[in-house]
Amino acid sequence: MIPIRLTLNGEPVEGTVEPRKTLLDFLRVDRTLTGAHAGCEHGVCGACTVIVDGVPVRSCLMLAVQTDGCDVRSVESVAASDGTLHAVQDAMRQEGGLQCGFCSPGIVMTLVSVRETVPDAGVDDYRRAMSGHICRCTGYRGIGRAIERLAGVRTDDDRIEQEAHR
Amino acid sequence: MNAPPTLPGTRYLGRSILRGEDHNLLTGHGSYVDDHALPGMLHAAFVRSSIAKGRILSIDTSAAKTSEGVVAVFTGEEIHAHHKVHSYLLGIIDPSKVWVPRAYPLADGDVKFVGDPVAIVVAESRYLAEDAAEKIVVDYAPEAGVVDLADAERAPRVHADIVDNIGFRTGSPPDPELDRTFADAAHVVEHTIRQQRHTSAPMETRGIIASFGVTDEATVWLASQDVHHARRWIAEAIGFPETAVRVIAGDVGGGFGLKYFVDRDELAVVIAAKLIRRPVKWIEDRGENLTVAGQSRDEEATCRLAFDADGHFLAARVFTGPYRVPRYGWQAKSVYTNTPGRVAYRGPWMMETLCRETAMDKAARQLGIDPLELRRRNIIRTDQLPWTTANGVHLDAITPDQTLELAAEMTGYAAFRDRQAALRAEGRYLGLGISSYIEPSAPSRGISRSDVAEMRVEPTGSVIVHCSAGSAGHGIETTMRQVAADALGVDIEQVAVRFGDTATVGYGAGSGGSRQGMVIGGAVKVAGTRMREKLIAIAAKLLDAAPEELDIAEGVISSGPGSNRRIGVGEVARIAYFDPEKLPEGMESGLDITYRYAPPMMTFSNATHICLAEVDTDTGFVRIDRWIVGEDCGVLINPQIVEGQVAGGIAQGIGGVLLEHIRYDDEGTPLSVSFKDYMMPTIFDIPPIEFGHLCTPSPTPTGVKGVGEGGAIVAPAAVINAVNDALSPLGVWLDKLPLSPSRVLAAIEGDTTGA
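Residues numbered from 1 in each chain as written. Chains lettered and ligands numbered in written order. Predicted model: local features only at pLDDT ≥ 70, side-chain atom pairs only at ≥ 80, totals over all residues. Heavy atoms only, no water.

(A) Spotlight on the overall build of chain B. Looking only at helices and strands, chain B features 18 helices and 29 strands. Taking 2.2 N^0.38 as the reference for a compact globule, 755 residues should give roughly 27 Å; the C-alpha atoms of chain B span a radius of gyration of 28 Å, in line with that estimate. For chain B, contacts bridging at least 24 residues in sequence account for 79% of all contacts bridging at least 6. Roughly 27600 Å² of accessible area belongs to chain B as shown, and the carbon and sulfur atoms make up 51% of that amount. A gap of 2 Å separates the mean positions of the 72 positive and 98 negative side-chain charges of chain B. (Helix = DSSP H or I, 4+ residues; strand = E, 2+ residues; numbered from the N terminus. Rg over C-alpha atoms; globule rule 2.2 N^0.38 Å. Contact = heavy atoms within 4.5 Å. Areas by Shrake-Rupley, 256 points an atom, 1.4 Å probe, with all protein chains shown as cover. Lys, Arg positive; Asp, Glu negative; His and termini not counted. Charge placed at Lys NZ, Arg CZ, Asp CG, Glu CD.)

Below, the structure is given as structure tokens:
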């Protein structure tokens with residue numbers, strides 16, 4: 001068992017983990033933060049994505065011991081403490097970017113990361129980042145529209161106008 | 001964008017109300033089965049067969065039993081002693097017509113596919129369970145099995161109790177008149193299509209926590225589309241009364257048919273938990289999900305179409321869909337192979353639609369008629385309704401001709417043909433694929449005959465509706481709040497909707513069959529209407545008014561805006577519970593209304609999808625540029641949710657034609673074991689989707705028709721037709737799936753064997 005110290009969602013955290021324990025299991029089991037999901041456990045689907053030292057990572061492919069000394073952010077930290085959704089979460093909701101919601105926390109973390117790290121991120125920046133995510137429910141239609149909203153090329157008015165056309 | 005009619009007098013119905021589900025799901029506060037932990041909970045892992053067929057000579061569990069953290073190891077011998085039934089027909093299947101093998105949770109002396117569960121290990125953590133599972137040594141005597149369905153009938157028995165590997169044979173009776181029609185027809189088109197094996201691959205795999213108390217009662221958390229069937233299934237397996245088992249599904253991470261069933265793995269976990277008397281969790285890993293969970297498709301179909309000299313249908317040997325076909329017949333059989341079994345996958349009629357719609361394009365090519373024109377000549381017209389099909393199905397309130405024309409108009413059909421011709425001259429290969437269908441949605445028979453809404457207005461005026469139909473991402477919580485709020489005349493914020501727990505609501509058929517919106521929606525609507533009547537009856541007495549003078553709007557019962565004869569729903573509710581002497585003479589106290597809705601046997605949706613694609617003839621790569629949907633699923637409760645359902649189905653259809661393929665080698669070893677080899681569609685594979693809605697109400701309380709499965713049913717043929725249309729100048733005709741770049745390229749280069 002290895003002792004680790006990290007910053008998790010802004011709070012200092014200490015843990016003792018087996019060397020083989022994944023970051024995903026550390027978050028879900030040891031820290032009861034169940035927002036990151038085990039979708040494939042081989043780094044393809046992206047449902048387990050969290051942000052480590054500013055970089056989105058697959059928590060299923062990272063070992064908990066590797067986060068010793070790191071700053072780890074999971075989806076639970078994204079919304080404001082009063083429950084107000086982050087712009088990424090709000091865009092996903094407004095545009096029907098989720099159905100079953102299992103893949104969504106990972107997608108939220110990747111899009112949050114783009115928003116924080118790419119100045120004036122455009123549609124293509126967000127879409128490229130989505131290459132690391134699989135969604136089985138939505139056909140990506142709502143996610144694509146959420147991305148357009150985040151990139152500033154789709155507004156509330158577009159959604160309202162679309163509604164009026166129905 | 002074609003505008004559906006607005007719904008007069010509704011406040012929430014027909015609007016894209018944002019989903020109530022989303023806040024928890026987007027912030028990491030969902031409640032999927034793997035998010036639950038119980039005190040003392042243990043974790044299970046399976047030992048699975050490494051061969052496709054063979055006898056088990058020995059299982060050595062001694063090292064596993066002493067492995068760190070292991071609480072128990074069970075093989076079939078121990079588990080099956082506590083397993084009470086050996087087939088789970090549940091009234092869905094007629095045992096006199098279908099040959100169903102005896103089923104056991106674990107392998108019973110022999111293994112039948114790679115991944116067949118042989119033993120279950122239960123330990124203090126999943127890591128330790130998997131460590132121990134690796135220490136179990138199974139000795140097999142391998143036998144020759146069968147992998148390809150084409151070889152199944154000549155192969156050695158897959159199941160010892162089924163002689164020729166035939167699951168069923170069925171079809172229409174012999175019809176000499178049909179034979180004569182084909183013999184005399186001006187044109188006969190014969191078409192065979194082979195569809196590869198898929199899997200539904202919901203992002204959340206299967207999962208279960210089974211917990212037994214010291215008395216014989218069980219609580220099971222299950223990734224389930226259908227908690228009531230699961231409860232019965234589990235209860236029968238362990239010999240408990242149905243009422244001694246409680247099944248809870250929290251949030252369900254997609255199902256698509258897979259989670260409509262309880263499979264052997266889950267039953268093994270239930271029995272293990274019963275033997276140990278501690279909660280046991282098993283979460284399927286993705287490798288298991290791709291190799292042992294129930295799979296889908298893997299079908300071959302041949303259809304024959306007979307036309308007169310003008311391209312009008314005379315007869316068909318396939319389900320007739322949206323066309324006027326005077327005579328028809330069909331035959332079908334299923335076979336067993338040494339691969340995982342198949343389960344439901346979004347949706348029924350998919351293979352028939354695939355076969356018929358690709359055959360329509362083959363017919364168009366053979367008859368020299370444009371594929372849109374051939375469909376126009378044969379599609380059921382709205383002015384011909386009601387229409388009775390050749391197999392006696394009564395069709396009404398459908399618009400297949402109008403959705404065909406709507407999709408063609410939105411596409412700019414003629415302009416596309418001009419552009420296609422111009423670009424062909426430049427060596428670019430664009431194609432257009434049409435696919436039309438009618439879907440008998442919300443099949444309502446046998447165990448799926450009805451659903452119940454149990455509505456209460458609480459003493460504070462808050463409304464709760466317990467629904468027997470569930471949700472696996474369908475947004476049922478939101479849509480049923482819309483239906484209930486409008487039926488009652490209260491604010492949507494006052495309405496809570498609950499489902500997915502057998503302890504809190506009566507029997508129902510869960511989520512599946514494109515049924516929830518229509519069936520549970522009908523139940524909620526009628527329950528709400530009756531509740532409204534009761535509220536008004538009470539208010540009439542309290543206000544000394546006639547009931548017909550009163551209405552409910554925004555939670556207030558009054559005789560009109562500005563009237564001082566008014567009372568809040570909350571005040572009426574308080575009186576109904578706490579002051580029943582003030583109620584009308586003889587009225588039951590409280591505000592509880594239950595309505596069980598048994599809808600018509602089928603409700604028909606219709607649609608035409610048009611796919612515009614371009615094929616790169618150097619690489620064989622297919623790029624889809626546009627997707628147009630002209631559809632009629634009746635009243636739209638929530639357009640954004642409806643379009644989301646259709647778009648998701650289209651993505652599964654595109655993936656199924658171009659990408660997804662469960663492959664085996666000749667020995668039955670799975671080759672698609674991860675998302676690196678089972679190619680799921682990504683955001684780059686799905687084009688923008690354009691919707692046009694017609695909204696012809698169904699003859700049901702809400703006017704809704706089923707829509708959940710339609711996209712997945714109709715989409716595949718549109719993709720194939722687009723690719724074949726693109727490559728028609730090269731004489732290419734593709735009818736074996738998937739249309740992988742290598743297969744498309746081979747066809748372009750003249751190899752039609754389907755490498």
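(B) Structural context of the confidence of the model for chain B. Averaged over every residue, the pLDDT of chain B is 95; the share at 70 or more is 97%. At the level of chain-chain contacts, confidence expressed as ipTM amounts to 0.97, with global pTM at 0.97. (pLDDT = per-residue confidence, 0-100.)

(C) Seen up close, the interface of chain A and chain B. Residue-level contacts link 52 residues of chain A with 60 residues of chain B. Where chain A meets chain B, there are five salt bridges. A salt bridge links Asp35(B) to Arg28(A), with the shortest nitrogen-to-oxygen separation between them at 2.7 Å. The interface formed by chain A and chain B includes 24 residue pairs in polar contact (both at pLDDT 80 or more). Where the side of chain A that touches chain B is concerned, the elements lending two or more residues are α1 (23-30), α2 (87-94), α3 (104-117), α4 (123-129), α5 (141-150) and α6 (156-165) of chain A. (Salt bridge = Lys/Arg side-chain N within 4 Å of Asp/Glu carboxyl O. Polar contact = N/O pair within 3.5 Å; in protein donor to acceptor, adjacent residues only side chain to side chain.)

(D) Inspection of the environment of Ser558(B) at higher detail. Residue and element names in this part refer to chain B. With respect to the helices, strands and loops of the structure, Ser 558 is situated in strand β24 (residues 556-558). Taking relative accessible area as the criterion, Ser 558 reaches 10% and is therefore assigned buried. When the C-alpha atoms of Ser 558 and Asp 110 are compared, they prove to be 72 Å apart, with 448 residues separating the residues in sequence. Discounting residues that sit within four places of it in the chain, Ser 558 has contacts with Glu 549, Leu 550, Asp 551, Arg 565 and Arg 566. Within the local environment of Ser 558, its side chain forms a polar contact with the backbone nitrogen of Gly 560, the two atoms lying 3.2 Å apart. (Buried < 20%, exposed > 50% of the residue type's maximum accessible area, 1.4 Å probe, protein only.)

(E) Up close: the pattern of salt bridges. All told, the structure shown has 64 salt bridges over all chains when counted by the stated rule. Where Asp30(A) meets Lys21(A), a salt bridge forms, and the shortest distance between an N and an O atom there is 2.7 Å. The partly exposed category is assigned to Asp30(A), whose relative accessible area is 32%. Residue Glu190(B) pairs with Arg304(B) through a salt bridge whose shortest N-O separation is 3.3 Å. You can see Glu190(B) sitting in strand β8 (residues 187-198) and its partner Arg304(B) sitting in strand β13 (residues 296-307), a full 114 residues away along the chain.

(F) Representation of the sheet that holds strand β10 (residues 218-222) of chain B within the structure. All names here are of chain B. Ordered in space as β3-β5-β1-β12-β9-β10-β11, the seven strands form an open sheet in which the pairing is mixed. Of all the strands in the sheet, just β3 (70-75) and β11 (245-248) have a single pairing partner and so form its edges. Pairwise comparison of adjacent strand axes, ignoring direction, gives a mean angle of 20 degrees for this sheet. As paired elements, β10 and β11 share four bridges and run parallel to each other. When the sheet's bridge partners are listed, Trp 221 is paired in β11 with Ile 248. (Pairing = 2+ DSSP bridges. Axes fitted to C-alpha atoms, helices over the stretch in contact; angles between N-to-C directions.)

(G) A look at the environment of Gly731(B). Residue and element names in this part refer to chain B. Along the chain, Gly 731 turns up in the loop between α17 (710-726) and α18 (741-748). Looking at Gly 731, the relative accessible area reads 58%, which means it is exposed. Along the backbone, Gly 731 and Ile 748 are 17 residues apart, and their C-alpha atoms lie at a distance of 8.4 Å.

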